[in-house]
Amino acid sequence: VQLQASGGGLVQAGGSLRLSCAASGRSLSSMGWYRQAPGKQRELVATIGIGSGGSATYADSVKGRFTISTENSKNTVYLQMNTLKPEDTAVYYCKVRTLFLNRDYWGQGTQVTVSS
């Protein structure tokens, strides 16, 4: 599976960014975003199931501010991040799980920096 993530950058607190990640090569069962801040472990941000009725899961810290969505025809997942806070600063990674064999694949990571 090939993953191409984009959309990171520098933004002031209260601002917005949208991340995108396009996957190719396999049928997928879920797509999601994780993040890793300096000195911290990688953590789940949001995941979503692929296909009709796919449900989304969010970390408590981003509920109400971030929205995950997919464009299934393009095997692309988006993360709309609003009301960003300095504590959202991290490298954000896209992760997908294949429909068969349940294998996970990670994207290269995109830096999000929120200034106060």
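Just so it is clear, the structure is predicted and the values come from calculations on it, not from any experiment.

Asker: Any details on the overall build of the chain? Residues and values, ideally.
Answerer: Each helix and strand counted, the chain has zero helices and eleven strands in total. Reading the helices (α) and strands (β) of the chain from amino to carboxyl end gives β-β-β-β-β-β-β-β-β-β-β. Taking 13 Å as the expected radius of gyration for a compact globule of 116 residues, we find that the chain reaches 13 Å, a close match to that expectation. For the chain, the spread of C-alpha atoms along the principal axes amounts to about 45 × 25 × 20 Å. The burial tally for the chain puts 39% of its 116 residues in the buried class. Pairs at least 24 residues apart make up 51% of the contacts formed inside the chain by residues separated by at least 6 positions. Here the chain contributes 12 positively and 6 negatively charged side chains, and the mean placements of these two sets differ by 6 Å.

Asker: Account for the pattern of salt bridges, with residues named and values stated.
Answerer: In this structure the tally under the stated criterion is six salt bridges. Close ionic contact of R35 with D88 constitutes a salt bridge, the shortest N to O distance being 2.9 Å. Taken together, the residues R35 in strand β4 (residues 28–36) and D88 in the loop between β8 (76–81) and β9 (90–98) connect sequence positions 53 residues apart. Relative accessible area serves as the criterion here: at 5%, R35 is assigned to the buried category.

Asker: If you had to explain the nonpolar core to someone new, which residues and values would you point to?
Answerer: W33, V45, F66, V77, L79, M81 and Y92 are the most contacted members of the largest nonpolar core, which totals 28 residues. Going through the elements one at a time, β1 (2–6), β3 (17–24), β4, β5 (43–49), β7 (66–71), β8, β9 and β11 (110–115) are the ones with two or more residues in this core. Excluding its chain neighbours within four sequence positions, the residues that come into contact with F66 are R35, V45, Y58, L79, Q80, M81, N82, L84, D88 and Y92.

Asker: I'd like to hear about the pairing of β9, residue by residue, with values.
Answerer: For a regular strand, the rule is simple: side chains alternate between the two faces of the sheet. Counting buried positions along β9 yields seven of nine residues, so the element is predominantly enclosed. Of the strand pairs in this sheet, β9 and strand β10 (residues 104–106) are connected by three bridges, and their pairing is antiparallel. Across the sheet, V96 pairs through a bridge with Y105, a residue of β10. Here β9 hands over to β10 after five residues, with L101 in that stretch at a positive phi of 75°.

Asker: Report on the confidence of the model for the chain, specifying residues and quantitative values.
Answerer: When the pLDDT values of the chain are averaged, the result is 94; 98% of them are 70 or greater. The weakest mean pLDDT in the chain belongs to β1 at 93; the strongest belongs to strand β2 (residues 9–12) at 98.

Asker: Describe the pairing of β4, with residues and values.
Answerer: Sheet analysis places β4 next to β9, joined by eight bridges and oriented antiparallel. Opposite R35, over in β9, you have Y92 as the bridge partner. Of the strand pairs in this sheet, β4 and β5 are connected by six bridges, and their pairing is antiparallel. When the sheet's bridge partners are listed, G32 is paired in β5 with T47. Turn length for the β4-β5 hairpin, with the two strands adjacent in sequence and antiparallel, is six residues, and the turn residue G39 shows positive phi of about 75°.

Rules and cut-offs
- Residues numbered from 1 in each chain as written.
- Predicted model: local features only at pLDDT ≥ 70, side-chain atom pairs only at ≥ 80, totals over all residues.
- Heavy atoms only, no water.
- Helix = DSSP H or I, 4+ residues; strand = E, 2+ residues; numbered from the N terminus.
- Rg over C-alpha atoms; globule rule 2.2 N^0.38 Å.
- Buried < 20%, exposed > 50% of the residue type's maximum accessible area, 1.4 Å probe, protein only.
- Contact = heavy atoms within 4.5 Å.
- Lys, Arg positive; Asp, Glu negative; His and termini not counted.
- Charge placed at Lys NZ, Arg CZ, Asp CG, Glu CD.
- Salt bridge = Lys/Arg side-chain N within 4 Å of Asp/Glu carboxyl O.
- Core = buried A, V, L, I, M, F, W, Y, C linked by side-chain atoms within 4.5 Å.
- Pairing = 2+ DSSP bridges.
- pLDDT = per-residue confidence, 0-100.

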